[in-house]
Amino acid sequence: SLAQFMEGTPTVSVDSYHGMRVLLEHLIKDHGYQRLAFIRGPEEHYYAQERYRAYLDTLQAHNLPLKPELVTRPLRWESGAEAVNILLDERRLRPGVDFQAVVAVSDMLALWALKTLQERGFQVPRDVAVTGFNNSIEERLATPPLTTVDLPFYDQGAKAVEILLAQLKGETVPALITLPSGLVVRQSCGCP
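Quick caveat, the model's predicted, so the values are computed rather than measured.

1. Quick word on the sheet that holds strand β3 (residues 101-104)
At step 1: Read from one edge of the open sheet, 3 strands run β2-β3-β4, paired in parallel fashion. Since the sheet does not close on itself, it has two edges, and those belong to β2 (36-39) and β4 (129-131), each with one partner. If you compare each strand with its neighbour and ignore which way they point, the axes differ by 15° on average.
At step 2: Against the sheet, helix α1 (residues 16-30) touches β2, β3 and β4, its axis set at about 175° to β3.
At step 3: Its contacts with the sheet place helix α4 (residues 107-119) against β2, β3 and β4, and it is angled at close to 155° to β4.

Shown next as structure tokens:
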């Protein structure tokens, strides 16, 4: 399995938790951001929940208060515009004042949030930083380029095939293999 953990089935996973921690550490340590809005993903998606757990743990590790108004309710992958509407209209928060950065659990959510913020007259990253997660092809078309976390999807698929072939040969394989993720710093966080 590549995503779903199933009893008796080997899983090749990616470390979303660590990737999100590294991204948040970059925003906190390198940029000095302390008010981080967080766009949650679908509640039933394991990796989206791992990324949210990393957000909570990172805030706690840096003695930053959890402000519920900065966290959206769980949203579908294409709901980045809705997330911005929740933060700005429903909760009446001001980018750059009430929150310094928007952290999304996926690039798709981040891209729609970025576009919506720009349509409303905010400049990214001057007024507010925006970051994503997945290092998707679509994000490479963003202006400014999106800071994100790269997930080793190719390596994940290759490792899964390697394990499947070993199983077909009757070899014992590990129940879980977790591959690392890595920060990709671009301009949307405020880096040159």
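2. Description of the nonpolar core
At step 1: Among the nonpolar cores identified, the biggest contains 55 residues, and Y55 and F99 are the most heavily contacted of them.
At step 2: When sequence neighbours within four positions are dropped, the list of residues in contact with Y55 reads M20, L24, L36, F38, L66, L70 and V71.

3. Details of the pairing of strand β6 (residues 176-179)
At step 1: Of the two faces of β6, the one lined by I177 and L179 is fully buried and the one lined by L176 and T178 carries no buried residue.
At step 2: Sheet topology note: the strand β1 (residues 11-14)/β6 ladder contains 4 bridges and is parallel. Its bridge partner lying in β6, V14 is registered against L179.

4. Notes on the packing of helix α3 (residues 80-90) against α4
The relative placement of two packed helices is expressed as an angle between their axes plus a distance between the axes.
At step 1: With their axes 7 Å apart at the nearest point, α3 and α4 run at an angle of 55° to one another. Here α4 runs oblique to α3, going by the angle between their axes. Considering only the axes of α3 and α4, their crossing is right-handed. Together, G80, A81, V84, N85 and L88 of α3 and L109, W112, A113, T116 and L117 of α4 make up the contact between the two elements.
At step 2: When its residues are assigned to classes, the contact of α3 with α4 shows 7 nonpolar, 3 polar and no charged.

5. A closer look at the environment of D107
At step 1: With respect to the secondary-structure elements, D107 resides in helix α4.
At step 2: Look at D107 and you get buried, because its relative accessible area is 0%.
At step 3: Along the primary structure D107 and S136 are separated by 29 residues, whereas in three dimensions their C-alpha atoms are 6.5 Å apart.
At step 4: Excluding its chain neighbours within four sequence positions, the residues that come into contact with D107 are G132, F133, N134, N135, S136, E139, L146 and T148.
At step 5: A distance of 2.8 Å separates a polar side-chain atom of D107 from the backbone nitrogen of N135.

6. Overview of the packing of aromatic side chains
At step 1: The final tally for this structure, using the stated rule, is 4 aromatic pairs.
At step 2: Taken together through their ring pairs, the aromatic side chains of F38, Y52 and Y55 make up a single cluster.

7. Remarks on the pattern of salt bridges
At step 1: Taken as a whole and assessed by the stated rule, the structure comprises 12 salt bridges.
At step 2: Residue E25 pairs with R21 through a salt bridge whose shortest N-O separation is 3.9 Å. Pair noted here: E25 and R21 are both in helix α1, with a separation of 4 residues, about one helical turn.
At step 3: With relative accessibility at 19%, the residue E25 sits in the buried group.
At step 4: Overlapping salt bridges bring together R21, E25 and K29 as one network.

8. Quick look at the side chain of S16
At step 1: Take S16: it is sitting in helix α1.
At step 2: Owing to a relative accessible area of 1%, S16 belongs among the buried residues under this scheme.
At step 3: In contact with S16, not counting residues within four places along its chain, are Y47, E50, R51 and F133.

Rules of the game
- Residues numbered from 1 in each chain as written.
- Predicted model: local features only at pLDDT ≥ 70, side-chain atom pairs only at ≥ 80, totals over all residues.
- Heavy atoms only, no water.
- Pairing = 2+ DSSP bridges.
- Helix = DSSP H or I, 4+ residues; strand = E, 2+ residues; numbered from the N terminus.
- Axes fitted to C-alpha atoms, helices over the stretch in contact; angles between N-to-C directions.
- Contact = heavy atoms within 4.5 Å.
- Core = buried A, V, L, I, M, F, W, Y, C linked by side-chain atoms within 4.5 Å.
- Buried < 20%, exposed > 50% of the residue type's maximum accessible area, 1.4 Å probe, protein only.
- Parallel < 35°, antiparallel > 145°, perpendicular 65-115°, else oblique.
- Left-handed = near helix turned anticlockwise from the far one by under 90°.
- Nonpolar A, V, L, I, M, F, W, Y, C, P; charged D, E, K, R; others polar.
- Polar contact = N/O pair within 3.5 Å; in protein donor to acceptor, adjacent residues only side chain to side chain.
- Phe/Tyr/Trp six-rings, centres within 6.5 Å; stacked < 30°, edge-to-face > 60°.
- Salt bridge = Lys/Arg side-chain N within 4 Å of Asp/Glu carboxyl O.

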